Amino acid sequence: MNKPLLQIALDQTSLSGALSVTRSLANEVDVLEAGTILCAAEGAPNVVAALRALYPASIILADLKVADAGSVLAEMVFSRGATWMTVICAAPLATMTSAKTVADAYNGDIQIELYGEWTFSQAEEWLAAGITQAIYHRGRDAQAAGQTWGEADLGKIRKLADMGFAVSATGGLSPADIQLFAGIPVKCFIAGRSLSDAPDPAEEARAFRREIEKYWQS
Ligand code: 5RP
């Protein structure tokens, strides 16, 4: 089982604020996420281009949670240097495949963002369409309303992985949560506020790494 990657979700409301977080974390994480909030505040193409200019070798995710106009939005971010882009699970398959066609042309990929209602039979269709990455998400509003990580979530992540998806997990994660996922082949743990709001973000990233090392050996 491959060791999960670590991703910082940049959900600041200004590019300057996000770049200040990135400066302290770029060497500690594997993936830089242009978060939905940041993309809405500053424009996704601008954010992706700024990150790509500063971090030419990094994996950069544009978290647009695309629901329609898949190819147009994909072109906007992949042409600026994105590696991955998210498409919401509620989007029509046509949106997913049109975004994926653009991603493929740039040697990138799309990730299906799993919120709310979706089914495993839809997931079979995504796989059949050549889509292999998914993000299992506890939304920040759901978290604020009291939703916690539970066996039902972990079972769904496990099942998606068994189907062949590379599954990332996110939503209010802290280092203490990592043990919940032990034994599941998680592709990437995505953390936003727990890293950027920590008194020492780099040390918090290392705390995530230490937890990952405890439960995933290779
Ligand atoms: C919100 C997101 C966030 O980027 C993701 O949930 C990670 O942020 P946090 O760890 O702060 O919850 O996609 O829609």
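Structure first, text after, so check above.
Predicted, not measured: the structure shown is a model, and the values here were computed from it. (Residues numbered from 1 in each chain as written. Predicted model: local features only at pLDDT ≥ 70, side-chain atom pairs only at ≥ 80, totals over all residues. Heavy atoms only, no water.)

A.B. asks: Honestly, unusual backbone geometry in this entry has me stumped. Any pointers?
C.D. replies: Excluding glycine, residues mostly have negative phi values, and the peptide bonds linking residues are mostly trans. In this structure, K65 takes a positive phi of about 50 degrees despite not being glycine. Its place among the elements puts K65 in strand β3 (residues 59–66). You will see that N107, though not glycine, has its phi angle at about 55 degrees, which is positive. Note on placement: N107 falls in the loop between α5 (93–105) and β5 (109–114). (Helix = DSSP H or I, 4+ residues; strand = E, 2+ residues; numbered from the N terminus.)

A.B. asks: Even after reading the chapter, I still don't get the packing of helix α1 (residues 15–25) against helix α3 (residues 44–54), so can you show me in this structure?
C.D. replies: Relative orientation and spacing of two packed helices are given, respectively, by the angle between their axes and the distance between those axes. At a minimum axis separation of 11 Å, α1 and α3 run at an interaxial angle of 30 degrees. As summarised for this structure, α1 and α3 are arranged roughly parallel, according to the angle between their axes. α3 is crossed by α1, and the crossing has right-handed handedness. Judged by residue contacts, L15, L19 and T22 of α1 engage V47, A50, L51 and L54 from α3. Counted by class, the contact of α1 with α3 contains six nonpolar, one polar and no charged residues. (Axes fitted to C-alpha atoms, helices over the stretch in contact; angles between N-to-C directions. Parallel < 35°, antiparallel > 145°, perpendicular 65-115°, else oblique. Left-handed = near helix turned anticlockwise from the far one by under 90°. Contact = heavy atoms within 4.5 Å. Nonpolar A, V, L, I, M, F, W, Y, C, P; charged D, E, K, R; others polar.)

A.B. asks: Before we go on, may I ask you to explain the side chain of Q111 in this structure?
C.D. replies: Its place among the elements puts Q111 in strand β5. We classify Q111 as buried; its relative accessible area is 1%. For Q111, the side chain forms a polar contact with the side chain of Q133, separated by 2.7 Å. In this structure, Q111 is in contact with L61, W84, M85, T86, V87, Q133, I135 and S168, ignoring residues within four places of it in sequence. (Buried < 20%, exposed > 50% of the residue type's maximum accessible area, 1.4 Å probe, protein only. Polar contact = N/O pair within 3.5 Å; in protein donor to acceptor, adjacent residues only side chain to side chain.)

A.B. asks: Sorry if this is basic, but what is going on with the packing of helix α4 (residues 70–78) against α5 here?
C.D. replies: Across the interface, α4 lies against α5 with an axial gap of 7 Å and an inter-helix angle of 30 degrees. With respect to each other, α4 and α5 are oriented roughly parallel. Here the hand of the crossing between α4 and α5 comes out right-handed. Where α4 abuts α5, its residues G70, S71, A74, E75 and F78 lie against T95, S98, A99, V102 and A103.

A.B. asks: Where do I start with the site of the ligand in this structure?
C.D. replies: Close to the ligand lie 13 residues, the nearest being D11, H137, G172, G192 and R193. At 2.8 Å from an oxygen atom of the ligand is found a main-chain nitrogen or oxygen belonging to G192. One of the side-chain nitrogen or oxygen atoms of R193 is found 2.6 Å away from an oxygen atom of the ligand. Taking 370 Å² as the accessible area of the ligand by itself, protein coverage stands at 94%. Its residues assigned to classes, the shell around the ligand shows three nonpolar, five polar and five charged. (Near = heavy atom within 4 Å. Areas by Shrake-Rupley, 256 points an atom, 1.4 Å probe, with all protein chains shown as cover.)

Function-wise, these values are silent; they only describe arrangement.
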